[in-house]
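Structural features, examined
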Amino acid sequence: MFSNGDEIFKISRLTIVWLAGIFTIVWMVCWALGIALPMLLTQQLGDKAALTNEILRAATPVIAILVFIPINAMFMVLIERRALALWTVRKGPNRVGPDGNFQTAADAVKLLLKEDITPTGADAVMHTFAPILFFAPSVFGAVPLLAAVTNNHPLFRVLNLPTGIFFVLAAGALPVVALVMAGWASNNKYSLVGGLRSAAQAISYEIPLVLSLITVCLMAGTLDLVKITEQQAGGILNWNLLGGGALTGLNNALAGGGAKALATSYFMGPISYVCAGLLVISLIISFWLYLTGACAEINRIPFDLPEAESELVSGYNTEYSGMKFAIFFLAEFTNLFIVSSITTVMFLGGGDNPIPPYILNNIPGIPQMVAAIRDSYFCSTLHIINPETFFATLWVIAKVYGLVIFAVLIRGTLPRFRIDQLMAFGWKRLIPLSLIVFIIVVFAREFVICHG
Amino acid sequence: MDQSSLQLGQIFLFVAVGFALPALGMILLAWVLQLALGYHRPNAIKNQPYECGMKPMQEALVQFDVRYYLYAILFILFDIEIIFIIPWLLATDSIPRLLIGPDAVNQLIATGQMAELMKLKMIGPIEISMFLVILVVGLVYAWKKGALEWE
């Protein structure tokens, strides 16, 4: 299948090394600030340290994000280039460091040291402010997600907003303003057209995207991302991808509830079974709609019309160089990461293990392994590993980066749309489809007891 | 300090960091570096807007197509729709309990009068589908009028 089998091995090695590096660094920072330092302060000062500890714990997620975003973007750029090289049978970056592992770190230094050019006639203030405004939502928009993907770690104070997904979507609508601003302020026709195209595209694809997420919220009955994650616990049949909880009754029956559990969840008999089937199909379509809309929202191929290099040079960032360009780049990859996290939390069960607990606990060795981790010195005294959240976090990482690599695969295989095809596809296909799916879910969910 | 003010402080911190990281940590740093190391040397040719190697012909801020406004107006229609759907989806599950009271609903479930219960449960979906039908009529009208054509 692949003509360069050696490359697959190299990419796997690169992914494992980088992910282990990233998350060790981020976790060490979190642990030092949020756990070790408060423990030390409590030992030394007693009750007087309570306020300081609270503030430290509240600041920890912010610091962790600051550390995480740049190194994560470096990794994602590297894996994207290597994976694209694999799928187009080329050589990826392989000069800087072993296997090209430090290519993007070198790129970051280069971008930092490049001259910053403001073109003649450009609006200098807007030109500078546009990348900042583009980047900011990817930091604070991820706040409700953070609580969901860290699985409510007991030792941190991660903010949980009850409005959850609504806040994420509101923040996700902001970068469009920044793109139009960048296009308008650059004093360049290509930039202007790129900015306007990005606005038209983002608002068109926002409707199917939001409707598909609303469908999931309707199944869950809440907007709170932490609650949505908790509802999906207990194996792949509970995930929102498969019917948003329509198969919970089946799951309960398999777990030992038998026919009684089936009768409770599917209380109307055959009508309920048909509705559960409809829900499964609808939610899978919703998942696909979300992926499509998200690809368009973050301007990735096949929807990267705003920066189509064959027609618009580079679109809205034609006139950007050096660090300002780097910020656009950084924010784009952070957005890809955030979109993958939203998909993970909303559809793929967050940190949930796809194997249901009634199978998992019967596999010999697994409960003993968890117990051994819980009793170890690292875990019980130093709190370096929390057994409640450790495996969940590994699942989140695997799912999120799996979706990132899926997005790279899409980029490697699909051609770009034309602008009229893009708008027609958005308005005449995706929006009617998302409305139909929504209506089906609205009625079908009344016949099934979901997440019960 | 109570929990809510800590949480408020945390979200403020997130917003502040979101703006400060690119502004201070990156753009300002790059500016200071290029001024300190002396490689910031702009000139007229270098600062020219890029137009595929040609000299820029006219004003860059050209008049752009009216179609963009059309899509923006249609988008507002659907965005408002979504904003109205959100309170509905949070309230719809409690409609039977609001209408006849929680005790009566529990009694219906206990005695197995599912048909009676379904009548109550269907109120929410029927309401929202009436709302959506009005919107779909709007979309169909725009479609027929050719507002969705990008020629």
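1. A look at the overall build of chain A
Across its full length, chain A holds 18 helices and zero strands. Against the 2.2 N^0.38 benchmark of 22 Å for 452 residues, chain A shows a C-alpha radius of gyration of 24 Å, consistent with a compact globule. Across its three principal directions, the C-alpha atoms of chain A cover 75 × 65 × 50 Å. A total of 452 residues make up chain A; the buried ones form 52% of that total. Within chain A, residue pairs in contact and separated by at least 24 positions form 77% of the contacts whose partners lie at least 6 positions apart.

2. Regarding the overall build of chain B
A tally of regular secondary structure across chain B gives six helices and zero strands. When the elements of chain B are put in sequence order from the N terminus, they spell out α-α-α-α-α-α. The C-alpha atoms of chain B give a radius of gyration of 29 Å, which is well past the 15 Å a tight globule of 151 residues would have. Structurally, chain B occupies a C-alpha span of about 85 × 60 × 20 Å along its principal axes. A total of 151 residues make up chain B; the buried ones form 13% of that total.

3. Remarks on the environment of Phe23 of chain A
Mapped onto the elements of the fold, Phe23 of chain A is located in helix α1 (residues 5-45). Spatially, the C-alpha atoms of Phe23 of chain A and Ile71 of chain A are 9.9 Å apart, while their sequence positions differ by 48 residues.

4. Regarding the interface of chain B and chain A
Each partner contributes residues to the interface: chain B has 55 residues there, and chain A has 61 residues. Across the side of chain B that touches chain A, the residue classes break down as 43 nonpolar, nine polar and three charged.

5. What about the nonpolar core?
Considering soluble globular proteins, one finds that nonpolar side chains tend to be buried as a cluster. Core analysis: the biggest nonpolar cluster contains 149 residues, and Leu145, Leu213, Ile214, Cys217, Leu279 and Val404 of chain A have the highest contact counts within it. Broken down by element, the residue count for this core peaks at 20 residues, all from helix α8 (residues 189-220) of chain A. Excluding residues that lie within four positions of it along the chain, Ile214 of chain A makes contacts with Phe438 of chain A together with Ile82, Ile85 and Leu89 of chain B.

6. A few points about the packing of helix α2 (residues 50-87) of chain A against helix α13 (residues 322-346) of chain A
Angle between the axes and distance between the axes: these two values describe a pair of packed helices. Residue and element names in this part refer to chain A. Interhelical geometry of α2 versus α13 gives an angle of 85 degrees and a closest axis separation of 9 Å. Taken together, the axes of α2 and α13 are roughly perpendicular relative to one another. In this structure, α2 contributes Ile69, Pro70, Asn72, Ala73, Met76 and Val77 to the contact, and α13 contributes Leu330, Phe333, Thr334, Leu336 and Phe337. When its residues are assigned to classes, the contact of α2 with α13 shows nine nonpolar, two polar and no charged.

7. With respect to the domain arrangement of chain B
By a widely used convention, the size of an interface equals the accessible area lost when the partners come together. Here chain B is partitioned into domain 1 (1-60) and domain 2 (67-145). Domain 1 of chain B and domain 2 of chain B are separated by 44 Å when their C-alpha centres are compared.

8. Considerations on the domain arrangement of chain A
Residues and elements named next belong to chain A. Each assigned domain of chain A is listed here: domain 1 (1-113) and domain 2 (116-447). With 23 residues of domain 1 in contact, the opposing surface of domain 2 contributes 25 residues. Looking at the side of domain 1 that touches domain 2, the elements that each hand over two or more residues are α1, α2 and α3 (103-112). Ranked by residues supplied to the side of domain 1 that touches domain 2, first place goes to α2 with 15 residues. Of the residues contributing to the side of domain 1 that touches domain 2, the split by class is 17 nonpolar, four polar and two charged.

9. Considering the environment of Ile95 of chain B
Residue and element names in this part refer to chain B. By secondary structure assignment, the location of Ile95 is in helix α3 (residues 95-100). The class for Ile95 is partly exposed, based on 17 C-beta atoms found within 10 Å. Residues Ile95 and Gly124, spaced 29 residues apart in sequence, show a C-alpha to C-alpha distance of 6.9 Å. Ignoring anything within four residues of it in the chain, the contact list for Ile95 reads Ile123 and Gly124.

10. With respect to helix α6 (residues 165-172) of chain A
Across the eight residues of α6 of chain A, seven count as buried, placing the element largely inside the fold. Residues of α6 of chain A that are buried: Ile165, Phe166, Phe167, Val168, Leu169, Ala171 and Gly172 of chain A.

11. So, unusual backbone geometry
For residues that are not glycine, phi is negative in most cases, and the peptide bond is trans in most cases. All names here are of chain A. A positive phi is found at Val89, a non-glycine position, where the angle reads about 50 degrees. With respect to the helices, strands and loops of the structure, Val89 is situated in the loop between α2 and α3. Unlike most non-glycine residues, Asn187 shows phi in positive territory, near 60 degrees. Turning to its location among the elements, Asn187 is positioned in the loop between α7 (174-185) and α8.

12. Digging into the packing of helix α4 (residues 124-140) of chain A against α7 of chain A
Residue and element names in this part refer to chain A. At a minimum axis distance of 8 Å, the contact between α4 and α7 shows a crossing angle of 160 degrees. The angle between the axes of α4 and α7 places the two elements in the roughly antiparallel class. Every pair of crossing elements has a handedness; the one defined by α4 and α7 is left-handed. Residues Met126, His127, Ala130, Leu133, Phe134 and Pro137 of α4 form the contact with α7, whose own contacting residues are Leu174, Pro175, Val177, Ala178, Leu179, Met181, Ala182 and Ala185. Its residues placed into classes, the contact of α4 with α7 shows 13 nonpolar, one polar and no charged.

13. A closer look at helix α11 (residues 270-297) of chain A
In this model α11 of chain A runs 40 Å from its N-terminal to its C-terminal C-alpha over 28 residues, within 8% of the 40 Å that 1.5 Å per residue would give. Just past α11 of chain A, the residue Asn299 of chain A takes up positive phi, approximately 55 degrees.

14. Overview of the confidence of the model for chain B
Mean pLDDT over chain B: 82, with 97% of residues reaching 70 or higher. When pLDDT is averaged over each element of chain B, helix α6 (residues 123-145) of chain B comes out on top at 88 and helix α5 (residues 114-121) of chain B at the bottom at 80.

15. Here we look at the confidence of the model for chain A
When pLDDT is averaged along chain A, the result is 83, and 96% of the positions lie at 70 or above. At the low end of the mean pLDDT range in chain A sits helix α12 (residues 309-312) of chain A, at 69; at the high end sits α11 of chain A, at 89.

Cut-offs applied
Residues numbered from 1 in each chain as written. Chains lettered and ligands numbered in written order. Predicted model: local features only at pLDDT ≥ 70, side-chain atom pairs only at ≥ 80, totals over all residues. Helix = DSSP H or I, 4+ residues; strand = E, 2+ residues; numbered from the N terminus. Rg over C-alpha atoms; globule rule 2.2 N^0.38 Å. Buried ≥ 20, exposed ≤ 12 C-beta atoms within 10 Å, placed from the backbone. Contact = placed C-beta atoms within 7 Å. Nonpolar A, V, L, I, M, F, W, Y, C, P; charged D, E, K, R; others polar. Core = buried A, V, L, I, M, F, W, Y, C linked by C-beta atoms within 7 Å. Axes fitted to C-alpha atoms, helices over the stretch in contact; angles between N-to-C directions. Parallel < 35°, antiparallel > 145°, perpendicular 65-115°, else oblique. Domains from an automatic or database assignment. Left-handed = near helix turned anticlockwise from the far one by under 90°. Expected span 1.5 Å × (residues − 1). pLDDT = per-residue confidence, 0-100.

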